Amino acid sequence: MIIEPLAGALGAEVRGVDLKAADDAVWRRVREIFLEYAVLVFRDQQLEPADLMRVGARFGEPCHYPFVSGIDGFPFIFEVVKEESETVNFGGNWHSDTTYLAQPPLATLLHALETPKQGGDTLFANTCAAYEALSEGMRAIVSKLVGLNSASLKVTGGRRKMHSTIGGMKTQDMEKADEYEAEHPVVRTHPDTGRKALYLSRSHTIRFRDMTEQESRPLIDYLQAHQIRPEFTCRVRWSPGTLTVWDNRCTQHCAINDYHGQRRRMRRLTVGAQTPQ
């Protein structure tokens, strides 16, 4: 197993591993480096849906995503497709996955099937490093806050509008987006490493508990800009067969929408529902 860091803050490419054939000893090492690097990239992984489910099970039980239908026979896996004719992509704003659920997933697995000749990369940010870089005074303020997270995507144009412009995905329950809300601490503690991380986003966090949206927005905007500073980030370039697994408890990600006229097709699975503490 060869581990090549992607950047100083987080991320590593793991070579020399066939995840379908990995034994328990290999998986123990994968878990160690997952906790160390938070974003792991495995190249040339030939994974059918059943294989992806088995790999995901090494990180946790599968989670249901409420707005997109799963593929036939595998309700927890859905395809993220942007067609050549489309200009809007899925996941094109900085966020951690499904923070509007009471128990968001600890990990997301994304497997590339078709990728553009150039573009379509994904950026990741280390929210532990971002928290640790705050001043002592700001850490004291944010550590007392609880964020109200909503699936409505009201700040970025609305979930129904976003999904209606992506033709390659089978969407559902758009009318219920406003019903998915959850409160989580703005600073959460990683249950495995003990490190504290910022846990809010401009996409999903609409206000703080006991505060109005107008009062909350300036601090949400500041913290969002802070946690995606270049020194906290890494970049993943995709090719067919690439599997990337990331830790939603201490990262954010953003899919770059810079490949109009080219097709991109991925399979996505989230696992390990946990209550942020």
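Rules used in this analysis
- Residues numbered from 1 in each chain as written.
- Predicted model: local features only at pLDDT ≥ 70, side-chain atom pairs only at ≥ 80, totals over all residues.
- Heavy atoms only, no water.
- Helix = DSSP H or I, 4+ residues; strand = E, 2+ residues; numbered from the N terminus.
- Buried < 20%, exposed > 50% of the residue type's maximum accessible area, 1.4 Å probe, protein only.
- Salt bridge = Lys/Arg side-chain N within 4 Å of Asp/Glu carboxyl O.
- Pairing = 2+ DSSP bridges.
- Axes fitted to C-alpha atoms, helices over the stretch in contact; angles between N-to-C directions.
- Contact = heavy atoms within 4.5 Å.
- 1 Å grid on protein atoms, 1.4 Å probe; cavity = no way out; pocket = protein on both sides within 12 Å on 5 of 7 lines; lining within 4 Å.
- Points joined across faces, edges and corners; volume = space filled by probe spheres on them.
- Nonpolar A, V, L, I, M, F, W, Y, C, P; charged D, E, K, R; others polar.

(A) Examining unusual backbone geometry more closely. With a phi close to 70°, Ala38 is a non-glycine residue in the positive phi region. Counting through the fold element by element, Ala38 comes out in the loop between helix 1 (24–37) and strand 3 (39–42). Residue classification places Ala38 among the buried residues on the basis of a relative accessible area of 5%. Positive phi is not limited to glycine here, since Asp210 has a value of about 70°. Relative to the helices and strands, Asp210 is located in the loop between strand 11 (205–208) and helix 6 (213–227). For Asp210, a relative accessible area of 75% gives the class exposed.

(B) View of the pattern of salt bridges. Under the counting rule described, the total for this entry stands at 22 salt bridges. Arg249 is the partner of Asp247 in a salt bridge, and the nearest nitrogen-oxygen pair spans 2.9 Å. Classification of Asp247 as buried rests on a relative accessible area of 1%. Relative accessible area serves as the criterion here: at 3%, Arg249 is assigned to the buried category. Overlapping salt bridges, with partners in common, bring together Glu79, Glu83, Glu114, Arg263, Arg265 and Arg267 in one network.

(C) How the structure looks around the sheet that holds strand 12 (residues 233–236). If you walk across this open sheet you meet the 3 strands as 12-6-14, and the pairing is antiparallel. What marks the edges here is a single partner per strand, and that holds for strand 12 and strand 14 (251–255). Direction aside, the axes of adjacent strands within the sheet are offset by 20° on average. As paired strands, strand 6 (residues 122–126) and strand 14 are joined by 5 bridges and run antiparallel to one another. Along strand 14, the bridge assignment pairs Ala125 with Gln252.

(D) Up close: the sheet that holds strand 4 (residues 78–82). The 7 strands lie next to each other as 1-2-3-13-5-15-4, forming an open sheet whose pairing is mixed. The open sheet is flanked by strand 1 (2–5) and strand 4, the only strands paired with a single partner. The sheet shows a mean angle of 25° between the axes of neighbouring strands, direction not considered. For strand 5 (residues 105–114) and strand 15 (residues 264–273), the ladder comprises 8 bridges, and the chain directions are antiparallel. Bridge assignment links Ala107 to a residue of strand 15, and that residue is Val271. Where helix 1 meets the sheet, its contacts fall on strand 1, strand 2 (12–15), strand 3, strand 5 and strand 13 (243–247), and the angle it forms with strand 3 comes to roughly 130°.

(E) Fine view of empty space enclosed by the protein. Summed over the entire model, instances satisfying the criterion amount to 3 cavities of 30 Å³ or more. Each pocket or cavity is described by its volume, and for the largest cavity that value is around 140 Å³. In terms of lining, the largest cavity is formed by 13 residues, of which the most central are Phe90, Leu110, Trp246, His253 and Ala255. The set of elements that each furnish at least two residues to the lining of the largest cavity consists of strand 14 and strand 15. Looking at the lining of the largest cavity residue by residue, the classes come out as 6 nonpolar, 4 polar and 3 charged. Taken as a whole, the second largest cavity holds about 60 Å³ of empty space. Along the walls of the second largest cavity sit 13 residues, with Ser96, Thr99, Tyr199, Leu200 and Gln252 positioned nearest its centre. Along the lines of polarity and charge, the residues of the lining of the second largest cavity split into 3 nonpolar, 10 polar and no charged.

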